[in-house]
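Reading the structure
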Amino acid sequence: MTALLTRNETLVAVVIVLFCIVATISDPNFFTVTTLSDLLRASIVLGILAIGAMLVLISGGIDVSFTAIAVSAMYITTTTALALWPEMPWYFIFSLSILIGAGLGAINGVFIAGFGLPTLIVTLGTLSVFRGFLLTFVGSERISALPPDMRNFSRMMIARGTTEGGDFYALPWALAALAFVIVLTAILLHKTMLGRSIFAIGGSVESARRIGINVRRTQFFVYVYVGALAGLAGILHGSMGRMADPFSLVGLELSVIAAVVLGGARLIGGYGTITGTLLGVALIVLVQNSLIVIGIPSTWQSVTIGALILLGTGLPAYQAKRAAARAG
Amino acid sequence: MSGSRTEAKLTQTPEFRLAIIAVVVFALMAALSPDRFLSAQNLTSMAFQFPEFAILALAMTITMMTGGIDLSVVGVSNLSAVVAATILASLAGPETAGAAAVMWLTIALLASLSVGAAAGFANGILVSRLGLPPILATLGSGLVFTGLAVAMTGGAAVMGFPAIVAVIGNSTLFFVPVPLILFGLLAVALHVLLTRTGFGLRITMYGANPLAALYAAIDLDRILLRVYVIAGMFSSVAGMIIMSRANSAKADYGSSYLLLAVLIAVLGGVNPYGGYGRVVGVVLAVLSMQFLSSGLNMLQVSNFARELIWGALLIFVMVINITDWAGLRARRAPVKSG
Amino acid sequence: MTEPHTGALVEMTGVTKRYSGVTALDEVDFTVAAGEAVCLAGENGSGKSTLIKILSGVEQATAGEIRIGGQAMTHLNPRTATAAGVMVIFQDFSLFPNLSVAENIAFASELSEHKRFFNRGHARSVARAVLDRIGVDIPLGARLETLPVAHKQLVAICRALACAARLIIMDEPTTALTGREVSRLLDIIRLLKTQGVAVIFVSHKLAEVLEVSEKVVVLRNGKKVAEGPAETFDTASLTKHMTGREVHDAAPGPFAGSAETLLEVKDLDKPGSFSDVSFALRRGEVLGITGLLGSGRTSLAKALFGLVAPDSGSITIDGTSVPLGDPIAAAEARIGYVPEDRLTEGLFLTQSILRNVAVGRLKDHERGGFLDHRSLVAEASDWLQRLKVKTPSITAPVQSLSGGNQQRVALARWMARAPQVLILNGPSVGVDVGSKADIHDIIRDLGARGLGVIVISDDLPELLATCHRILVMKGGRMVEEIAAGTVTEDDLSHKLAS
């Protein structure tokens, strides 16, 4: 099984490498620092969301509401800041968005962990509740006059400049947020009992209950954590795009889940790695941004992502089915 | 064939609860705004509105009966509509009339149904032969179907049909809206299929316990294939109605219908874990939803608020129903899909 | 038998458990000393699992006193029971397939220490220490799902030991093991006993564990009906105590008829499950196939019904070959299969009795595409009556029936299809004594009507009571053929285990 899992990750890595080779051959300008820094920037929001979605899959559930959480947290935070304290420093803005995200995640947690409802249907429901609430009661206008510190944050760069060859590049501090989320989640998953419990309930809920894992609390935590990550991703999206758009992000959830599934996480729970997820994100970002470079019109983007999902889940599923038939 | 629930009193069935809900919602809306809600114009407009998503809900129902789900229904309906629309717009064109128009419409309808059947067949293969979890299979295929529609049209709407196309979505037959007739026919057909045929009973049995179905020498792959093909064809019928009513086809029409279809099926008492569901319940759920939706419309509630109310309703109904399903879920626990 | 008793580790006195009027346990006294192994025997429904649930804190006794290590436990719950050193190893082991061996072993103990952080190195050293303690070597980093069943069981034992278990309760510990694995398990149990760990075996088949046990306690209908040193019991006396009567229905004797061969199996081969299996079955014959759980008996049964695809070999009925690996073709060739696990494989529990019977006959009751409801009801009712299923209504869900009646419903489904060959896997598992005898009557009757019947079972008295001929499987091969009436149960059990 380890071999199978690595195969999923290596498969994605191989596809990425092939993609880059073909892209470089057809367009020598593809493989430059500029493209790389563009792609990296495009991966930040998707990456944070994907790590959250991965956590849910590991715990044995599926969440489609996180994009609605992200956009709600971002927009509510922005309007609150504008109304109460426009000069609010960026770290307060970020914390507020994360808190709102965690709160909305807790609502998912109550229905899933508390009532034991099927995760897909609950999150389909909350997806429209959150979005409907946002657009009805908070607002449906795009706001481009963001709190100044939100805009300032997007201008804060780790590095920027022009290479000797004349390629412009810029790495924003938002990238550090992704790095932080990766490290935090890695520690959570591998170094804490809570993280191991998430794997355990994904592996077998009944066994987890029998050895005394508090299954409900663990599930609840997962949805709160995912909500918090979504809150962070949302506010990053807002400040990097320099616009609070209540219609953005929602619709992205399928691509995010595609990335996670491509990375080897399984719907039955218990399996998923950060490396795999990030590789999946990289592939999706490549498809979203550079499909045209390898000669596929960008109108085929959706088809490509869908086909990748089917391939990424179909191969292991088919192998598992055949292995089961062989074992008798 | 009498089901396990026939022992329960009529008043305890989810369908009975639903009938009450439908009546209450209707009465409430009628009381809030009797002139407008009960007007012939409103009633007719409701009858034109709901069939498109109600048919998608029927497609969702049959897949949920097997413990699966079809997240690709909207993608299938748009893809089949785009194919039909392309035929009607580029091969026939707006000037075509008379027998030629009828011929092109027939060809377009057949093409649309074939697209639906082929898409459903693809879903069925993914779920049965390849063993993908239905959620991921239809999520992926839904993207592919939508994507194909985008690729065919470049994302723009296809329009310029012969006038006859409006017959499907905008005309009446003996004062009954044609979409309503189509929905009625499909609902009755599905009801008969589920309750009066061996295939329907096998669907229920498979949904109740797939492993036991295997041991009872039921051809599981064939059941799943046929279920998803039916769902695909139902979706394409919905696509035709949408196309006719909008007088155009586009890759992203009806994007809110997926949620609505799931909501109606769940509201209608269909068990998402499989093994229980009745068309009567789904029809009652459709009616409740439409009364509610139309009432909200008259109260000038925005589309966004309606989305909120639907989402909340979905979760509320799940909470109410979960007690009924707890037993079923425990039975199914050993056969995790995937 | 070697260890001195150092005072009672567990002392249960007058333990009673009632569920809404039904007395599951009635004034049972039960003691276990440190380092002692006790066999707790009883049929399904005898109260043995209730006793275990009470001892492990999953359920609370209605009355009675429980002392662990001399201390009265008034409010026993899973957590306090674990803290007191009582560990249960369930039949399914309750492990995590996706986690490593080390984590599976160490997880529960880390959890009970209320740790917040997880240290892989520490988990590995805990696991290593426990594995060393019982002298077993299993790769610590291996994912659990890759291990064979016997190793999973050892991991479960290690997990209990890592939690400082003083008493390990093992539910049906030997059913999944081969002969060699059983003796290895028994060696480990002996070792644990010298370390002062007590063991309770909960089983309805105890012959294998009798040799390491000091004491046997037999429950029947919630009451303790026998208790004594292990050496005073043998399989026959255990069975007698458990069932409360001599269950020796008349053995049928060797097959007398000269009927033609009905089913012929030739060189059936499935690497890893069974190999070179050949046998023939005549009309009217009842053939037993037995063996321990890893012997390939269930794989073979499934292969005969097409649920497992053999790599080579052939199955023919009346000279016509049956496609391999296709249950639908097997059913069309009029082979029937009643699976072992009624609840998950055999029945649609939430569906009506009628539907459970009718599901196999839908094709034959369709008139112009529609089901003929009346003829389905008539046929199902007829079979239910013939098999003496007691039910107020055939539209009641099948889960409302008792185990014995459920099994008859499963039988009725196949009987309605008029099979030529009927394969019964564990036909009386989880069925009460009275129904068991009835089911045996049904099996003998099936043979008398000219069906070929294959009974797959490890219930030796059952095989002796119903079969004309018994084939013994070991390591995937047919090793012996025994004609009815030529062996006693003890002989047969030796042949199985040797």
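The structure presented is a predicted model; accordingly, all values stated were derived computationally and were not measured. (Residues numbered from 1 in each chain as written. Chains lettered and ligands numbered in written order. Predicted model: local features only at pLDDT ≥ 70, side-chain atom pairs only at ≥ 80, totals over all residues. Heavy atoms only, no water.)

Considering the overall build of chain C
- For chain C, the helix and strand inventory stands at 16 helices and 22 strands.
- Taking 498 residues into account, the globule formula puts the C-alpha radius of gyration at 23 Å, and chain C, at 24 Å, falls close to it.
- Counting only C-alpha atoms, chain C reaches 70 × 50 × 50 Å along its principal axes.
- With 498 residues in all, chain C has 56% of them scored as buried.
- The contacts in chain C between residues at least 6 apart in sequence include a share of 67% that link residues at least 24 apart. (Helix = DSSP H or I, 4+ residues; strand = E, 2+ residues; numbered from the N terminus. Rg over C-alpha atoms; globule rule 2.2 N^0.38 Å. Buried < 20%, exposed > 50% of the residue type's maximum accessible area, 1.4 Å probe, protein only. Contact = heavy atoms within 4.5 Å.)

Structural notes on the nonpolar core
- Within the largest apolar cluster, 274 residues are counted, with the highest numbers of intra-cluster contacts made by A:Leu236, B:Met243 and C:Ile168.
- Each of two domains, domain 1 (8–243) and domain 2 (261–497) of chain C, supplies a minimum of three residues to this core.
- If we ignore the near neighbours within four places in the chain, the residues touching A:Leu236 are A:Ile44, A:Val45, A:Ile48, A:Phe94, A:Phe153, A:Ala174 and A:Ala177.
- Judged by nonpolar contacts, the second largest core, of 75 residues, contains C:Leu304, C:Phe305, C:Leu424 and C:Leu464. (Core = buried A, V, L, I, M, F, W, Y, C linked by side-chain atoms within 4.5 Å. Domains from an automatic or database assignment.)

Side note on the packing of aromatic side chains
- Scanning the entire structure with this criterion turns up 19 aromatic pairs over all chains.
- Taken together, the ring pairs in this structure connect A:Trp85, A:Trp90, A:Tyr91, A:Phe92, A:Phe94 and A:Phe153 into an aromatic cluster.
- A cation over an aromatic ring shows up here: A:Arg196 above the ring of C:Phe118, its NZ or CZ 5.6 Å from the ring centre.
- Positioned above the aromatic ring of C:Phe90 is the side chain of A:Arg210, whose terminal nitrogen or guanidinium carbon lies 3.8 Å from the ring centre. (Phe/Tyr/Trp six-rings, centres within 6.5 Å; stacked < 30°, edge-to-face > 60°. Lys NZ or Arg CZ within 6 Å of the ring centre and 35° of its normal.)

Observations concerning the packing of helix α13 (residues 257–267) of chain B against helix α14 (residues 279–298) of chain B
All names here are of chain B.
- Two numbers describe how α13 lies on α14: the axes approach to 8 Å, and their chain directions differ by 120°. The orientation of α13 relative to α14 falls into the category oblique. By crossing handedness, the relation of α13 to α14 is classed as right-handed. Counting all contacts with α13, which are made through Leu260, Leu263, Ile264 and Leu267, the residues of α14 involved are Val282, Ala285, Val286 and Met289.
- Here the contact of α13 with α14 is composed, by residue class, of eight nonpolar, no polar and no charged. (Axes fitted to C-alpha atoms, helices over the stretch in contact; angles between N-to-C directions. Parallel < 35°, antiparallel > 145°, perpendicular 65-115°, else oblique. Left-handed = near helix turned anticlockwise from the far one by under 90°. Nonpolar A, V, L, I, M, F, W, Y, C, P; charged D, E, K, R; others polar.)

Let's talk about the interface of chain B and chain C
- At the junction of the two partners, chain B supplies 30 residues and chain C supplies 39 residues.
- Roughly 2800 Å² is buried in total at the junction of chain B and chain C, and carbon and sulfur atoms are behind 66% of that figure.
- On inspection of chain B and its partner chain C, the count reaches zero salt bridges.
- Where chain B meets chain C, there are seven residue pairs in polar contact (both at pLDDT 80 or more).
- Every element with two or more residues in the side of chain B that touches chain C is listed here: α9 (178–196), α10 (198–208), α11 (210–215) and α15 (303–332) of chain B.
- Of the residues forming the side of chain B that touches chain C, the biggest block, seven residues, is contributed by α10(B). (Buried area = accessible area lost by both parts, 1.4 Å probe. Salt bridge = Lys/Arg side-chain N within 4 Å of Asp/Glu carboxyl O. Polar contact = N/O pair within 3.5 Å; in protein donor to acceptor, adjacent residues only side chain to side chain.)

What to know about the interface of chain B and chain A
- Between chain B and chain A, the residue contacts involve 45 residues of the former and 42 residues of the latter.
- Carbon and sulfur atoms make up 80% of the surface buried where chain B meets chain A, a total of about 3500 Å² over both sides.
- Contact with chain A buries area across many residues of chain B, yet B:Leu136, B:Phe304 and B:Ile315 alone supply 18% of it, more than any other trio.
- Our enumeration of links across chain B and chain A arrives at one salt bridge.
- Linking A:Arg131 and B:Glu307 is a salt bridge whose minimum nitrogen-to-oxygen distance equals 3.4 Å.
- The tally of links between chain B and chain A comes to four residue pairs in polar contact (both at pLDDT 80 or more).
- Elements represented by at least two residues in the side of chain B that touches chain A include exactly α7 (134–153), α13 and α15 of chain B.
- The residue makeup of the side of chain B that touches chain A, split by class, is 30 nonpolar, ten polar and five charged.

Some points on the pairing of strand β19 (residues 421–425) of chain C
Residues and elements named next belong to chain C.
- A large share of β19 lies buried, amounting to five of its five residues.
- The side-chain alternation of β19 yields two buried faces, one formed by Val421, Ile423 and Asn425 and the other by Leu422 and Leu424.
- Two elements, strand β16 (residues 335–338) and β19, share four bridges in a ladder whose sense is parallel. Residue pairing in the sheet places Tyr337 in a bridge with Ile423 of β19.
- As paired elements, β19 and strand β20 (residues 452–456) share five bridges and run parallel to each other. (Pairing = 2+ DSSP bridges.)

Quick look at the sheet that holds strand β1 (residues 8–19) of chain C
Residue and element names in this part refer to chain C.
- One open sheet accounts for four strands, arranged β2-β1-β4-β5; its pairing is antiparallel. At either end of the open sheet lies a strand with only one pairing partner, and these are β2 (22–33) and β5 (71–72).
- With two bridges joining them, strand β4 (residues 63–68) and β5 adopt antiparallel strand pairing. Note that in β5 the partner of Ile68 across the bridge is Gln71.
- This element, helix α1 (residues 48–55), spans β1, β2 and β4 of the sheet and lies at about 120° to β1.

Describing the pattern of salt bridges
- In the structure shown here, the tally under the stated rule is 33 salt bridges over all chains.
- Its salt-bridge partner being C:Lys215, residue C:Glu227 comes within 3.5 Å of it at the nearest N-O pair. Within this pair, whereas C:Glu227 is found in strand β10 (residues 223–229), its partner C:Lys215 is found in strand β9 (residues 215–220), the two being separated by twelve residues in sequence.
- Residue classification places C:Glu227 among the partly exposed residues on the basis of a relative accessible area of 38%.
- Since its relative accessible area comes to 11%, C:Lys215 is described here as buried.
- One connected set of salt bridges, linked through shared partners, spans A:Glu206, A:Arg209, A:Arg210 and C:Asp92.

Notes on the sheet that holds strand β22 (residues 477–483) of chain C
Residues and elements named next belong to chain C.
- Strand order in the open sheet formed by six strands is β16-β19-β20-β13-β21-β22, with mixed pairing between adjacent strands. The open sheet has two edge strands with one neighbour each: β16 and β22. Between one strand axis and the next, the sheet turns by 20° as a mean value, whatever way the strands run.
- Against the sheet, helix α8 (residues 297–304) engages β13 (286–290), β16, β19, β20, β21 (469–474) and β22, with an angle of about 150° to β19.
- Packing against the sheet, helix α13 (residues 403–415) makes contact with β16 and β19, and its axis sits at approximately 170° to β16.

Here we look at the domain arrangement of chain C
- The domain architecture assigned to chain C consists of domain 1 (8–243) and domain 2 (261–497).
- Using C-alpha coordinates to define each centre, domain 1 of chain C is positioned 33 Å away from domain 2 of chain C.

Observations regarding helix α7 (residues 174–191) of chain A
Residues and elements named next belong to chain A.
- Here α7 is 18 residues long and its end C-alpha atoms lie 25 Å apart, about the 26 Å a rise of 1.5 Å per residue gives.
- The set of residues buried in α7 consists of Ala174, Leu175, Ala177, Leu178, Val181, Thr185, Leu188 and Leu189. The buried residues of α7 occupy one face: seen down the axis, they fall within an arc of 155°. (Expected span 1.5 Å × (residues − 1). Arc of directions from axis to C-beta.)

Quick notes on unusual backbone geometry
Residue and element names in this part refer to chain C.
- Phi at Glu27 is positive, roughly 50°, even though this residue is not glycine.
- Along the chain, Glu27 falls in strand β2.
- The class of Glu27 is exposed, set by a relative accessible area of 57%.

Details of the confidence of the model for chain A
- On average, residues of chain A carry a pLDDT of 88, and 97% of them reach 70 or more.
- For chain A, per-element mean pLDDT is lowest for helix α1 (residues 2–26) of chain A, which scores 77, and highest for helix α10 (residues 215–241) of chain A, which scores 95. (pLDDT = per-residue confidence, 0-100.)

So, the pairing of strand β2 (residues 168–172) of chain A
All names here are of chain A.
- One ladder, built from five bridges, connects strand β1 (residues 157–162) with β2; its direction is antiparallel. Of the residues in β2, the one forming a bridge with Gly161 is Tyr169.
- Linking β1 back to β2 in an antiparallel pair, the connection comprises five residues, with Gly166 at a positive phi of about 90°.

A short note on the packing of helix α6 (residues 98–127) of chain B against α7(B)
All names here are of chain B.
- For the pair α6 and α7, the least separation of the axes is 9 Å and the interaxial angle reads 145°. Crossing of α6 against α7: the hand is right-handed. Along the contact surface, α6 presents Ala119, Asn123, Leu126 and Val127, while α7 presents Pro134, Ala137, Thr138, Ser141 and Phe145.

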